[in-house]
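# Reading the structure
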Amino acid sequence: MTFRTKSSRLLIIAVFSISFLLSLQSYAQSYGLGFNGKDFSKDLRTGIDLSPKDYFSFDGEVELRFKMSLRPNVNMYFGYIVRIIDDHDQNIDLIFNYRSIDSSSIDIISGQKHTGISVKTDINQMCNKWTEFRLRLNFISNTVSLLLPETNFQSQGSGMNMSGKIKILFGVNDFSRFKTSDLPGMKIKDISIFEKGKLKYNWPLDEIDGTHAKDTRSGKIADIKNPMWLKQEDTNWRQIFSSKLIGKCQLAFNSKDEKIYLIGADQMIIYSAKNGLQETITYKNKFIHLLPGRQAIYNPDTKTIFSYDIDHKMVAEFDPNTMVWKEENPANTNETVFLHHNQFYSASEKSLIVFAGYGQHEYKNTVQKISLLNGSWEILKPGGDVFNPRYLASSGALNDTVYILGGYGSISGKQILNPQYFFDLMAFSLKDKKFTKIYEFVPPFEDICFSNSMVIDPETRTFYALSFPILKYDTSLQLIKGSLQSPDIKPIASKIPFLFYDIKSFSSLYYCESGKKLVAATLLLDDQNQTEINLYSIAFPPNENSIELNSAKSSQSFFKYLAAFGIILFLVLLFLFVRFKRSGKAISVGPIGYKRGKGQIVISDEPDSDNKELPVNSIFFFGGFQVFDRIGNDITVKFSPLLKELFLMIWLFSIKNNQGVSSEKLTELLWFDKDEHSAKNNRAVNIAKLKQILAELDFCCLSHKTSYWKIETDDTVIFNDYHECIKILNHNKTLTNEKIRRLIALTQKGSFLMNTGYEWIDEFKADISNRIIDVLAKFASVQKIEEDAEFILELADSIFNFDMVNEQALILKCKALTFLGKHSIASNIYTKFARDYKVLYGEAYNIAFNEIINIRRIQED
């Protein structure tokens, strides 16, 4: 088959695929308008005026069509669906006549008279599907008809006497004497008007935001009051509440009544997620002990709120009936050592279980149990897998298991000893009091930590949590979706603005069953000693795509066709890849140049080198673990968390002592919790799996010749960046500009085994990081910034890859940027450094920016 024939077939497939995808656009995304009904305050209820500036003018017969469904779990559905009013104050009303959950109907009223049209409805059915309504008015015969998918109704002697000049109003309206605030909680879409059988107006109600809807036929604008756009309801977070309270604030959530308690020093705001109503309570006694380490919970058994202090082992209880706090005075007000811990209320034990936390430069892995019956405290000693000290993790419970996701801490618990991110999902059994490590996940972005609580869907065993980068102040919360069974974590929906400063910020996530939505809460204590509170909501389950607010329709169309073009380009490149691959050539990938020669890969120092080709027989350690087989396929995914750790252990010990690692050492580190027989079986099975994977590379095998497990390779065939770096570092007395550039190129993707954390691996990470920093710093100390400032910037960035608060790298970068005239960028770098320094060490960086840029000589460490 010729190239032209293959290309033609590929493009035909692309065109059909894109046409299919574009045709599915309206089905892949829900749209319409949600109406806040009687379950919301009158000021928040929703209405549509299709002709806000005038009347419609029709002759003969007109038909109003629209699709409607009910919002689930609403207490009262009675009210006006639509009112049609003419210029002589005649009216036709379509009313949802709610009597009880089992008895309701849709009726048509003409003036003060019932038309005789009454359709029985099934509320549960209407909550689960869209129903098309066709309301037909004949101004000549003065009849009203209601056409439904399965039946038609026509009024007899309705008394309708309308002029044909009409207004059409959905939901609430404030028009003349026909004002009403009664409406059912409903959803409307695809409103259209036909005159004498021909379509004249059409409002799909597929907008994303704003208080207007546009007719697609003539551009007529409809006004919307208090809109709740469905297209963004499950895709974009919307702010539902904002306020401030004096002093530090705490949160508690009543999942049954779906109320969020915002607890301040002298007042409490109770926000109802069901209907948006809020109530402010002033305490009879001031609640003064809102220390940073405290958190609060709602106790469903006693219907009271508990605020607890781990540091002082005390619990305060608030009774909404008496509006009084019962609490003990703390012994002192020292800074907490349990900041951003996690919590779970065990209804069966009437106790609160709290996990981990941070303070005084130490991370905790302590698990404590607080009895809410007698106030006793107990430190538990969990068994099972190791739960490393951390904070800023997310927790949620399913059945008798608490799941804890990620966090930031250190294996030793000491902040000064290699703090790191944890990318694991841990399970704590309330019954057995044991931890089990479920898996390790690949983070969707760098520096990721999590809000305090997650939401778990018991049916799908998926979870939702809010994530954010810990090293940024002005940042955003990103909702992520994961599984309790497999390490697949991905960001979904839009972002929430968030200002993060760990001792002043807090965020959490709640699920509201009746409204089928998630609610996110953020707190920030400002410099005026006031806590800013913001609440946001999104429909559940959230859409996995995001929509940017305030986007014009033209922008949406542009990006839609841009995406289509991207698909065509991808398919063409895919074809070229297959064609070149079959012909023995390769496609360039990656930020560093790779050139496959005879049995070797040569690394290029120039990112834009024409020599860049697909890495084959390659193992990468810097910037994350990656393995490519003999034909360039990325086979990293074949390494399960256990196989990855097994491989790294054998590989690194093989290089460290040229000997390898014994079976006993493997068992000690990987299967310490199993008996000898079970450990031996597990080791044999996983060794066999590892051998099978390594067989996909040339000249790379696992040997056991000397009672030690060792990985043997041919360095002229197998490339790995770790070994290349070691060779450069071992010849640090003859450093050249070329060698340093090569070292920078090898490590530019990030630190050694980034996002990989095992207790035994810390010494390898620390050793290679310290050696690279020392070599780069030594070379930088003899360089003159004025001779090659750009190169100095590369040196500084490389050092920052391994130590983000390295003072020498800061000096290098700020001085080089200042020399290049980029003063504001240098100032921003300094500000970020100072902020990161404060986050990591809990104290301010005490060297001013002007001192940094005026240092005459950069001294070697």
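This part takes up the overall build of the protein. A count of helices and strands for the protein gives 15 helices and 54 strands. Across the 861 residues that make up the protein, the buried fraction comes to 52%.

This next bit is on the sheet that holds strand β32 (residues 390–391). Strand order across the open sheet formed by three strands is β32-β35-β36, with antiparallel pairing between neighbours. Of all strands in the sheet, those with a lone pairing partner are β32 and β36 (420–421), marking the two edges.

Tracing the backbone shows Thr747 in helix α10 (residues 737–747). In contact with Thr747, not counting residues within four places along its chain, are Phe622, Cys725, Ile772, Asn801 and Phe802.

Most of strand β46 (residues 530–539) sits out of view: eight of its ten residues are buried. Relative to β46, strand β18 (residues 238–246) runs antiparallel, the two being bridged by eight bridges. Of the residues in β46, the one forming a bridge with Ser243 is Ile533. With nine bridges connecting them, strand β45 (residues 517–525) and β46 associate as antiparallel partners. For Leu525, the partnering residue across the bridge sits in β46 and is Thr531. In this antiparallel pair of consecutive strands, β45 and β46, the connection spans four residues, and Asn529 shows a positive phi of 60 degrees.

Turning our eyes to something else, we now look at the sheet that holds β18. Strands sit in the order β18-β46-β45-β44 across an open sheet of four strands; the sheet is antiparallel. Bordering the open sheet on either side are β18 and β44 (505–512), each of which pairs with just one other strand. Sheet twist, expressed as the average angle between the axes of neighbouring strands with direction ignored, equals 15 degrees. The pairing of β44 with β45 spans eight bridges and is classified as antiparallel. If you follow Ser508 over to β45, its bridge partner there is Ala521.

Moving on to the pattern of salt bridges. The final tally for this structure, using the stated rule, is 29 salt bridges. Linking Asp190 and Lys67 is a salt bridge whose minimum nitrogen-to-oxygen distance equals 3.6 Å. Of the two residues, Asp190 sits in strand β13 (residues 186–195) while Lys67 sits in strand β4 (residues 61–70), which places them 123 residues apart along the sequence. On the basis of relative accessible area, Lys67 is assigned to the partly exposed category, the value being 30%.

Tracing the backbone shows Val172 in the loop between β12 (165–171) and β13. Along the chain, Val172 and Leu183 lie eleven residues apart, while their C-alpha atoms are 6.5 Å from each other. Those residues in contact with Val172, other than ones at most four positions away along the chain, are Arg45, Thr46, Gly47, Ile48, Thr180, Ser181, Leu183 and Lys225.

Turning next to the packing of helix α12 (residues 789–802) against helix α13 (residues 807–819). Orientation of α12 relative to α13, taken along the N-to-C sense of each, is 150 degrees, at an axis distance of 8 Å. Taken as axis vectors, α12 and α13 run roughly antiparallel relative to one another. Taken as a pair, α12 and α13 cross one another with a handedness that is left-handed. Residues Ala789, Ile792, Leu793, Ala796, Asp797, Ile799 and Phe800 of α12 form the contact with α13, whose participating residues are Ala809, Leu810, Leu812, Lys813, Ala816, Leu817 and Phe819.

The subject of this paragraph is helix α9 (residues 721–729). Of all nine residues that make up α9, seven are buried, and the element is covered over most of its length. For α9, the full list of buried residues reads Asp721, Tyr722, Glu724, Cys725, Ile726, Ile728 and Leu729. A side-chain oxygen of the first residue of α9 lies 3.3 Å from the backbone nitrogen of Tyr722; this N-cap is Asn720.

On to the packing of α9 against helix α11 (residues 762–780). Running from N to C, α9 and α11 cross one another at 50 degrees; their axes reach a closest spacing of 11 Å. One element, α9, and the other, α11, form an angle in the oblique class. Note that α9 runs across α11; the crossing there is left-handed. Residue-level contacts link Tyr722, Ile726 and Leu729 of α9 to Phe764, Ile768, Arg771, Ile772 and Val775 of α11. Broken down by class, the residue content of the contact of α9 with α11 amounts to seven nonpolar, no polar and one charged.

The biggest cluster of nonpolar side chains holds 130 residues, and the ones touching the most others in it are Trp237, Leu405, Phe463, Phe647 and Ile650. Setting aside anything within four residues of it in sequence, one finds Trp237 in contact with Leu466, Leu479, Ala493, Ser494, Ile496, Leu509, Leu518, Val519, Ala520, Tyr536, Ser537 and Ile538.

Before going further, it helps to examine the packing of aromatic side chains. Summed over the entire model, instances satisfying the criterion amount to 57 aromatic pairs. Seen in terms of ring centroids, Phe468 and Phe500 are 4.9 Å apart; in terms of plane orientation they differ by 45 degrees. Their pairing is tilted. Here Phe468 is found in strand β41 (residues 462–469), whereas its partner Phe500 is found in the loop between β43 (490–499) and β44, with 32 residues between them in sequence. Neither Phe468 nor Phe500 differs from the other in exposure class; each is buried. Both rings, one in Tyr511 and one in Phe540, keep their centres 4.8 Å apart while their planes meet at 55 degrees; by these two values the pair is tilted. Pair noted here: Tyr511 is in strand β44 and Phe540 is in the loop between β46 and α5 (553–582), with a separation of 29 residues, a long-range link. Here Tyr511 falls in the partly exposed class, since its relative accessible area comes to 23%. In this structure an aromatic cluster arises from ring pairing among Phe621, Phe622, Phe625, Phe639, Phe647, Trp651, Tyr722, Phe752 and Phe802. The ring of Trp130 carries the charged tip of Lys189 above its face, separated from the ring centre by 4.4 Å. Sitting over the ring of Phe791, Arg741 keeps its end group 4.2 Å from the ring centre.

Along the chain, the position of Asp39 falls in the loop between β1 (33–34) and β2 (47–49). Remark: the alpha-carbon pair of Asp39 and Leu277, spanning 238 residues in sequence, is separated by 9.3 Å. Excluding residues that lie within four positions of it along the chain, Asp39 makes contacts with Arg71, Val74, Lys274 and Asn275.

Now for unusual backbone geometry. With glycine set apart, most residues show a phi of negative sign, and most peptide bonds adopt trans. Along the chain, Phe540 connects to Pro541 via a cis peptide bond; the corresponding omega equals 0 degrees. With respect to the element layout, Pro541 can be found in the loop between β46 and α5. With a phi angle near 55 degrees, His340 is a residue other than glycine that sits in the positive phi range. Relative to the helices and strands, His340 is located in the loop between β26 (324–326) and β27 (342–346).

Right, let's talk about the side chain of Ser618 for a bit. Note that Ser618 resides in strand β49 (residues 618–620). We classify Ser618 as buried; its relative accessible area is 0%. Here Val616 takes part through its backbone oxygen, which lies 2.7 Å from a polar atom of the side chain of Ser618.

What follows is about helix α6 (residues 641–657). Compared with the 24 Å implied by 1.5 Å per residue over 17 residues, the 24 Å span of α6 between its first and last C-alpha is a close match. Judged by how many residues are buried, α6 sits mostly within the fold: twelve of 17 residues are covered. Within α6 the residues assigned to the buried category are Leu643, Lys644, Glu645, Leu646, Phe647, Leu648, Met649, Ile650, Trp651, Leu652, Phe653 and Ser654. Asn658 occupies a position one or two residues after α6 and carries a positive phi of about 55 degrees.

Rules of the game
- Residues numbered from 1 in each chain as written.
- Predicted model: local features only at pLDDT ≥ 70, side-chain atom pairs only at ≥ 80, totals over all residues.
- Heavy atoms only, no water.
- Helix = DSSP H or I, 4+ residues; strand = E, 2+ residues; numbered from the N terminus.
- Buried < 20%, exposed > 50% of the residue type's maximum accessible area, 1.4 Å probe, protein only.
- Pairing = 2+ DSSP bridges.
- Contact = heavy atoms within 4.5 Å.
- Axes fitted to C-alpha atoms, helices over the stretch in contact; angles between N-to-C directions.
- Salt bridge = Lys/Arg side-chain N within 4 Å of Asp/Glu carboxyl O.
- Parallel < 35°, antiparallel > 145°, perpendicular 65-115°, else oblique.
- Left-handed = near helix turned anticlockwise from the far one by under 90°.
- Polar contact = N/O pair within 3.5 Å; in protein donor to acceptor, adjacent residues only side chain to side chain.
- Nonpolar A, V, L, I, M, F, W, Y, C, P; charged D, E, K, R; others polar.
- Core = buried A, V, L, I, M, F, W, Y, C linked by side-chain atoms within 4.5 Å.
- Phe/Tyr/Trp six-rings, centres within 6.5 Å; stacked < 30°, edge-to-face > 60°.
- Lys NZ or Arg CZ within 6 Å of the ring centre and 35° of its normal.
- Expected span 1.5 Å × (residues − 1).

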